[in-house]
Every structure is written in C-alpha cells, then in structure tokens.
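Commentary on secondary and tertiary structure
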Amino acid sequence: MSALLEIRGLTVGYGWSSPPAVTAVRDVDLTVRAGEVVGVAGESGSGKSTLAFAAIGLLDPPARVLSGSVRFDGTEVTTMSREELRQMHFQSASMVFQASMNVLNPVTRIESQFRDAMAAHGVSSRDEARRRAEEAFDLVKVPRRYLDAYPHQLSGGMRQRAVIALALVMRPKLLVLDEPTTALDVVVERAILQSLNELRGELGFGVIFITHDLSLLVEIADRIAIMYAGRLVEEAPARELYENPKHPYTVALMGAFPPLAGERQRLSGIPGQPPDLRDLPPGCPYAPRCPSFMPGVCDVIDPPEVIIDGSRRVLCHLYGSVEASRD
Amino acid sequence: MTSPTTLSGTDVNPASAPLLEVRGLSTVYGVGRVGRRQEVAALTDLDLTVARGEVLGLVGESGSGKTTFARTLVYLERLTAGTIAVDGEVMPKHPSVARLREHRRKVQMIFQDPYSSLDPLHTVAHAITQPLRAFNIVSRRQERAEVEELLQQVGLTPVKDFFSRYPHELSGGQRQRVGIARALAARPKLLIADEPTSMLDVSIRLTIMNLLLDLQDSHGLSLIFITHDLAAARYVSDRIAIMYAGRLVEIGPAGVVLGEPIHPYTMLLRNAVPDPTQSSVARIQAEERGEPPDLTALPVGCAFAPRCEFAREECLVGFPAWRRGGEGHEARCVLVDEESP
Amino acid sequence: MNWREIRHNRRAMAGASILAVFFVVAIFAPLLVPYSPTAVRFTPDLPPSGYHWLGTTINGQDIFSQVIWGTRASLFVGFVCATLISLIQLVMGVFAGYVGGLVDTVASAITNVFLVLPALPLLIILAAYLQGGSVFVLIAVIVVTGWAWGAKVLRAQAIALRERPFVQASRVSGESRWHIVLTHIVPNMLGIIVSNFFGAALFAVLAEAGLEFIGLGNINDVTWGTMLYWAQEGNAILLGEWVWLLVPGLCLALVGTSLGLLNFAVDEIANPRLRRES
C-alpha cells in the first residue's frame, strides 16, 4: 500500500522572532497508509496537536514550518497555495476537533452548515447537499431529523457524531481527530469509537488519532507514536507497544494509568515537571526525568533514532546506534 | 443517633460513629426565565455515610449529580430536602452565617479546574492565608510559619520559592497542590475532591492522587474523591459509590463494585472503559441506547430503565429500593439477589 | 495590570501626556495667566498680537487668559463627576451584581429606569430648571444622567466573576461577602472600572461644555463652554474671529481625545486579547 501521508523531518516553530521562541515539533517522521489508524499520544506540550495541524496544512502564524516535508497523496502540503489548501481541506483531508461547539455555528441549523461546507467544494444543489448530509448522518447513526435542529438541542455525544459526519460528508481520504472524545462520557465515547471503526472499514480512510489516553489507543490504533517535547520518541504497532514498550517515557506513561483490575499497588507518576519548550536542555528532552539517565550522554548528545525489529522506532541512547539492533 | 447501618438496613460494625451522614438529600433548582421555568432534579433522595479516615470514591458521568452533591455538601448549593450531619451534628435547614463557617471548617473542598480555582491576582501565600484568617486557625504572628508548613506538606518545596508566586507562574499540578494546601489550612475532617485530576496531564495525576492519599493517611481525614474515571476511583478508594441521574445506584468495597458489579449501569460503565488487559472479544459491546436522562423530566421508576438491557416491568413502577448483594455491597436494582444476568 | 505594561502602551502614554499637560496648566493657572481672565479693561475684538496672544473677546477680555483659566473648570467637573459616577456604579453595579437576590433586582430596576431616560433632553431640562446655580448643580445633573450605562456593564462583569471557581472557593474558605467583593471581585475588574472612569470623565467634560454652550451654565464663569457661548453671542464667525471660536473647542477636543485614548488603552491592558501584535 502506498502511503497516504508522508511526513519527513518536520520541524515546526511558534513565535514571531527568527528563530522562533518555541520549537513545537522537531524532526518528526511519520507515515499513514490508507485504511490505517495511527495514534499519536502525548501530554500537553508534546507537540501532538501541532503535528496534526501541520499534517493537513492548518498551521496559522505565529506557527510555521521551519523545515521538512509533508506529502499528502504525493503532493507537498507545506508549499501549497491557500487555494490548493482550501480545496484539499474537507474534501481530501478533514479534521475533527475536541470541542464540537468549536465547529458548529450555534445560531444556524446543522443542515445549513453542511450546505455551506459542501457548496464551497462544488456541491451547489440544495437537494444534493441534503441527500449527502442525510447519508452522513446515517453513517454516524444520528437520526436525520437532527439536521434541522440547532447544535445546542443535541447532546454532547450526538453533537460530536454530527461533527464527524460533517468531516466525512465529502468522503475524505484522511481523517485527523484531535481528542475527539475527551470531553465526552466514557459510554458515549465507546459508542462513537465503535462507529468510527465500522466507518473506517466501510470507507477505507486513513486516520490520525490524537489523544493523551494511551489505553484508548491500544484498543483502536494499528500503530502508535509517542511524542514528548516535540520529538517522536517511539513508534510501534499498538499491541507491541503495549506489551513491550522500549522508551523510558513510554514505560512511565503506561505506568501512569492505574489498572481497573488486579492487585492494588502503589504507582508513581513521572517525577519532575514537563519541559519548558522555550528552554530545552541539550541532548534528550526527557533526560531530566528519566530513570535510565546516563550522564555525559543523554544530557549532551541528541538521542539517535534506532530501528528495532524492522517496524519499530525508538529515539533513545539505551538502544545504541542505528546498526546495533538487528534481531 | 442510630448506629450506622447499610442503606438496606443491615448493621455495620459500629466501631466508630460515622463522620458524615447524609439522609434523603435532594437538591432541585430552577432554570429558565419567569413563565418558562423548569426544575432540574439534580439530586434525589440520597443516603450516604462516610466513616472516619475512609476514602469514598464517587463515580458518575456528567449529569449524574456528583458535582452538585459536592457543592451541596459545602453549601454552595441549597438543598431542598434531607439532612446533612457532620460529626453527629445535624445541620439546620437554613444555617446561619456562623453555623456555615463552623461547617466549612470541618468540610473543605478541592476544585476541579486548577486554572480557575485560584485568584490570578493573589500570591500562593495569600491564597493559603485567607482560610487561616477566616477561620482563625492561628494568630497573625504564626501565619507565615503555618503557610510554610502547609506548602511543605503538599510538596511545594523549596517553600521559599513558592511563597510569592502567582498562579500563572505555576504548572497545573502545582496549582492543584496550592488548592489542596488551601483546603487543608482549615484543618478539616472531611475533604471533598471534585475531579481533582481530570484537568491535569496524565503523568501528574498519579502524583496528586498519591499526595491526597498520603495526606489523608497522615491527617486521619475522610476523603470523598469524585471522578468519572473508574480506574482512578479504584486506585484511591476504599469504597466506591456509583451515581446516576442524581441518585446513588450502587455502593460497596472498591474492588468488589468494579470486579463484580451488580447494577447494570455499573456494568455498562465498566465495559465502556478502555482496558487493554482485556481482549476486545470478551467485552459486552455497549450501544448508545437512548439518551442520558433528562433531569427536568425524570421517568417514574428506575431512571436507568430506558437504557437497560435487562429492564422489566417492575422497573417502571418506582425507583428500586436498596438491596444487598454481598458484604457491604448494595445496589438499587430489582435484579439483585436473583440469578446474575 | 502592571506599570510596565502601562508604560509600553503608546496610547496610554499619549493620552496621559496630553492630560498631564492640561493638569499642570490647571494647577498653575493663577501663575500662568498674563492677565485676569475676567478683567474687561482691554480693547474688545482685538486680533492675536504680542500683548494678547489670542486676541480679546467682544467684552474686552484676554482670550489666552481665559483659555488657561477654563482648564480648571473642565478638569474639575470632569474628574469630580467621574469619581461620583464611579462610586455610584460600584454600589449599584458591582455590589448589587455580586450579592444578587432582592438587592440586585431593586438596583437593576432603578438602573434601568435611569438608562431609559434620554440623557440629552434630561440634561437640558434639568439644567434649565436649575439655571443660575453653581457648578455643583451642573455636576449633579451630569452625574444623575451619566451613571446608569456603566453600572450595567459593571454589574454584568461582577455576575460573571461571581461564578468563577476561585470566588466560589473563597466562599468555602470562609471569607465574608464584603471581603470577597473588595479583595477578589474589584481587583479582577479593575480594568473595566478604570476604563469606565475615563469614559465617565469624557462624558462629563463634553456634557458640561455642551450645557454651557447653550447658556445653561453660569455664563459669568470662565470656562471653555462659556467661552464658546460668548463667542456665539459675540458673532465671532461674522467678525472672522476664528481664534476665539476655535481655541476653546480645540482644548475640549484635546482633553476629550486624551481621555478617549486612556479609555482604550486601559481596555487593552486589562484585556490582553485586544492588544495589537507588537
């Protein structure tokens, strides 16, 4: 399968000065194939949202791409014109945001929002737009009559489904979801995720799923990428990451989720503070909090990216140099 | 004063009188303008007991009433019916200002959002000093030492560094620690933590939960830990109570409620939580049946019945009474004490 | 708000500088006037010259001295009115908004009544009715018609603040109502309170001048407004005495502008989202 989205060496900065004050994403490689779910996990300041925005060309000043490339379906996104980006958005690549009320206009009926979006992408007939909107609502299992309602008349879960329907109505090839269920109840969340899974099977789009909830990703993602302080510190197939995490941060992050069953044990979070992106130490950004910290190495030299088992990547000195990991 | 019993009437070991006793608590408030007023039944007929030194996890989703419950316990909301008793003393229905102050000295609250629960214009020291002064905990001269001691206890060290800082100079976790210090300043007996970690980064959550557990242990406090996160509730709590549509529906020891739930809603919650330790095949797939309950128009009978896959006719008659499922484990469901579904 | 932000805001500095100049003039007016502003011993209708920098009026008074003296009246009325208006707004807006309940209902009703009364006609009617009184009559009239709108704004803000978690937390921490209003509510609304103050001052300065221009103030006082009245009476336009007409108006415009600038600047400082990118 050829890649739907290929990100290579992407570096994104925030700030008006040059070089910008904050490097939100540094030197990230990521690939997404059609029909695949790639989960991106990290905490605040990890750069996961910035990465997602950059992936579909939604970065606005003061954020800007400093280096690297993003190729969507073969075309370079970072150099697209506004018009090209506009055409790409919604039609080929779509995004679902965390708060549905950030997307839906509270003073218009939901149907008109669908119409507006479709009209901007060539569907000018009202009937055609209505038909497509109804189909989209069927896909996400929201009763059709809610198309004529105002957003506040729907519950949170339904609104989020409506937003997903909106994102899918033009049948994009790539769907980027930024914490789509974080604000929702866990029961609603499960139902929505199930729908998403079914839809992916039917329509075959690729998904980038951003969240802080690692246990969620283990269930729904094919591959998971872990981000810390703007760097992609580990990437692996979901199950393998869960059973055998390599990067110390991944290990610690997994340990930060108390289990639902089993022995009750005292766990510890990750000591220290999340890094200040304006003032990153040299070497590995996780070094100050890492239990496997190697003085003279981790705080001086940038960690290398090591390929393990052919399909896994880790950014860590523990795993030696690139050559060392044939297995 | 009757000895503590479980809600269905069984005697519990009355080793010590309970710290908090809530009976028949209801909170109803009106929304909307004159003429189109609707009543929201946020809490209905709640019975709850919290023992000294106990950690009770209160679990519910949005609309369950858990935050209203917390606010009612500290009188930020007015209750419409029922009684609250702390340390054996029942609170009057319309407490005076003095009585309220006395109550808040014993029952303190930690708020959910560390980014808005501290006055942005006040330093850390100022924020912690205010309850010290309002409740006359120490003399003016001893204030500084007391604040330093509290900062030490919540792990904001070196203490001198944090004294004069403003909230925007602190991380989310640090702000929450200040919130905890502020609550502790009153030297309360009962702490109510309203979703204290849901707005924090994952890696910080455990440190705050551990802090709360340590403080609870060293000060002999009772703690009500309110959350929608089942796993967090399990980590922290001795007992867990599940809320739905303004009522308690299940209560029991933490491991038992989560491991062998007897109320269908608890089962639904349990299966909806992402749990990589279980294989996907074995889980009951939860459909989004119906809507979360409309608190302005609750059905007669069990509020969960419209969404319950085991619902029967008797469920529609009246809200089920408490029934025992095991030692200290009860639920308000007609299915309890019968074959497990 | 902190001082560094204030110093860096160009509009604040511009407004403050202009206002400062006028304040200095007002304070040192007795030392700065070349002649007594009311003395009528000069030749009337003289153009600007070395002896009379701005010429003389139809009554033989030195215009320059009058302009300087007039600064006092405008600033005095402006700031006294602003202070009184702000105090009323604090009670009827902030306190009532925070306390809620019956107090708020009554205060809101009163505010709404005053809001609905048309300010300009009311101003004129009251001034005409009480004509011939002192400047304090003018102040009273301006305050009565000028407090309501700002009170509504402050009330809205107080209500919003009341619901903020840190205010609720203060209640649980045992703080009294007054303590909360003074240490939490007011400081967190300081921007809007100060901004309202400057807005009220602007309204007062212009209202005073307006009333005096149409002859409803004490026409024997020397203020910019009465200067305009006399310029009108003395047919300054017909006689081509532009200076007499324009200079008081220009001073009013400058003071008004400086107050307006300060108003905007305080808004910007208090609400970072309004700031322009530097």
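Small disclaimer: the values here were computed from a predicted structure and weren't measured.

Description of the overall build of chain B
Summing up its helical and strand segments, chain B has ten helices and twelve strands in all. Within chain B, buried positions represent 49% of all 341 residues. Summarising the internal contacts of chain B: among those between residues at least 6 apart in sequence, 65% fall at separations of at least 24.

Focus on the interface of chain B and chain C
The accessible area lost on association of the parts is a frequent measure of interface size. Across the contact, 18 residues belong to chain B and 14 residues belong to chain C. If you list the elements that add at least two residues to the side of chain B that touches chain C, you get α2 (97–106), β6 (107–110) and α3 (124–134) of chain B. If one sorts the elements of the side of chain B that touches chain C by residue count, α3(B) sits on top with three residues. For the side of chain B that touches chain C, the class distribution of residues is nine nonpolar, four polar and five charged.

Concerning unusual backbone geometry
A cis amide bond links A:Pro61 to the next residue, A:Pro62, at an omega of 10°. Tracing the chain through its elements places A:Pro62 in the loop between α1 (48–55) and β4 (63–72). Here B:Thr157 and B:Pro158 are connected by a cis peptide whose omega angle stands at -5°. For A:Asp309, which is not glycine, the phi dihedral falls at a positive 55°. Residue A:Asp309 is classed as partly exposed on the basis of its 13 C-beta neighbours within 10 Å. Backbone geometry places B:Glu195, a non-glycine residue, at a positive phi of 45°.

Quick notes on the interface of chain B and chain A
In this assembly, 34 residues from chain B lie in contact with 32 residues from chain A. The element best represented in the side of chain B that touches chain A is helix α7 (residues 202–219) of chain B, accounting for seven residues.

Structural notes on the pairing of strand β7 (residues 174–178) of chain A
All names here are of chain A. Taking burial as the measure, the five residues of β7 include four buried ones, the bulk of the element. In this sheet, β7 lies alongside strand β6 (residues 93–96) in parallel orientation, the contact comprising four bridges. Each residue of the ladder has a partner; that of valine 96, found in β7, is leucine 177. Following the chain from β7 across helix α6 (residues 186–203) to the adjacent parallel strand β8 (residues 206–211), one finds a crossover that is right-handed.

Notes on the pairing of strand β3 (residues 55–59) of chain B
Residue and element names in this part refer to chain B. With respect to burial, β3 is a largely interior element, five of its five residues being buried. Burial along β3 is two-sided: Val55, Gly57 and Val59 facing one way and Leu56 and Leu58 facing the other are all buried. The pairing of β3 with strand β8 (residues 222–227) spans five bridges and is parallel. Within the sheet, the bridge partner assigned to glycine 57 lies in β8 and is phenylalanine 225. Two elements, β3 and strand β9 (residues 239–244), share four bridges in a ladder whose sense is parallel. By the bridge assignment, valine 59 is partnered in β9 with isoleucine 242.

Some points on the sheet that holds strand β3 (residues 37–41) of chain A
Residues and elements named next belong to chain A. Spatially, the eight strands line up as an open sheet ordered β6-β7-β8-β3-β9-β10-β12-β11, and their pairing is mixed. Strands with a single pairing partner mark the edges of an open sheet, and in this sheet they are β6 and β11 (305–308). With direction set aside, neighbouring strand axes in the sheet form an average angle of 20°.

Points about the sheet that holds strand β5 (residues 75–76) of chain A
As summarised here, the arrangement of the four strands in space is β2-β1-β4-β5 (chain A), forming an open sheet in which the pairing is antiparallel. Looking along the sheet, the strands with just one partner apiece sit at the ends: β2 (22–33) and β5 of chain A.

Topic: the arrangement of the chains
For the two pairs of chains in contact, the maximum contact count is reached by chains A and B. One finds no contact between chain A and chain C; the C-alpha atoms of the two approach each other to within 10 Å at their closest.

Quick notes on the packing of helix α4 (residues 63–99) of chain C against helix α10 (residues 177–188) of chain C
Residue and element names in this part refer to chain C. Direction vectors running N to C along α4 and α10 enclose 120°, while the axes themselves pass 11 Å from each other. One way to sum up the angle between α4 and α10 is to call them oblique. Between α4 and α10 lies a crossing of right-handed hand. Across the interface between the two elements, Val94, Phe95, Tyr98 and Val99 from α4 touch Arg177, Val181, Ile185 and Val186 from α10. Looking at side-chain class alone, the contact of α4 with α10 contains seven nonpolar, no polar and one charged residues.

As for the packing of α4(C) against helix α11 (residues 190–213) of chain C
The geometry of a pair of packed helices is captured by two quantities: the angle between their axes and the separation between those axes. Residue and element names in this part refer to chain C. Put simply, α4 and α11 touch, their axes get as near as 8 Å, and they point 135° apart. Relative to α11, the element α4 is oriented oblique. Considering the relative orientation of α4 and α11, their crossing is right-handed. Contacts between α4 and α11 involve Ser74, Val77, Gly78, Phe79, Cys81, Ala82, Ile85, Ser86 and Gln89 on the former and, on the latter, Ile193, Asn196, Phe197, Ala200, Ala201, Ala204, Val205 and Glu208. For the contact of α4 with α11, the residue count by class is eleven nonpolar, five polar and one charged.

Each value, and the rule that gives it
Residues numbered from 1 in each chain as written. Chains lettered and ligands numbered in written order. Predicted model: local features only at pLDDT ≥ 70, side-chain atom pairs only at ≥ 80, totals over all residues. Helix = DSSP H or I, 4+ residues; strand = E, 2+ residues; numbered from the N terminus. Buried ≥ 20, exposed ≤ 12 C-beta atoms within 10 Å, placed from the backbone. Contact = placed C-beta atoms within 7 Å. Nonpolar A, V, L, I, M, F, W, Y, C, P; charged D, E, K, R; others polar. Pairing = 2+ DSSP bridges. Right-handed = clockwise from strand over helix to strand, strands pointing away. Axes fitted to C-alpha atoms, helices over the stretch in contact; angles between N-to-C directions. Parallel < 35°, antiparallel > 145°, perpendicular 65-115°, else oblique. Left-handed = near helix turned anticlockwise from the far one by under 90°.

Purely geometric stuff here, so don't read any function into it on its own.
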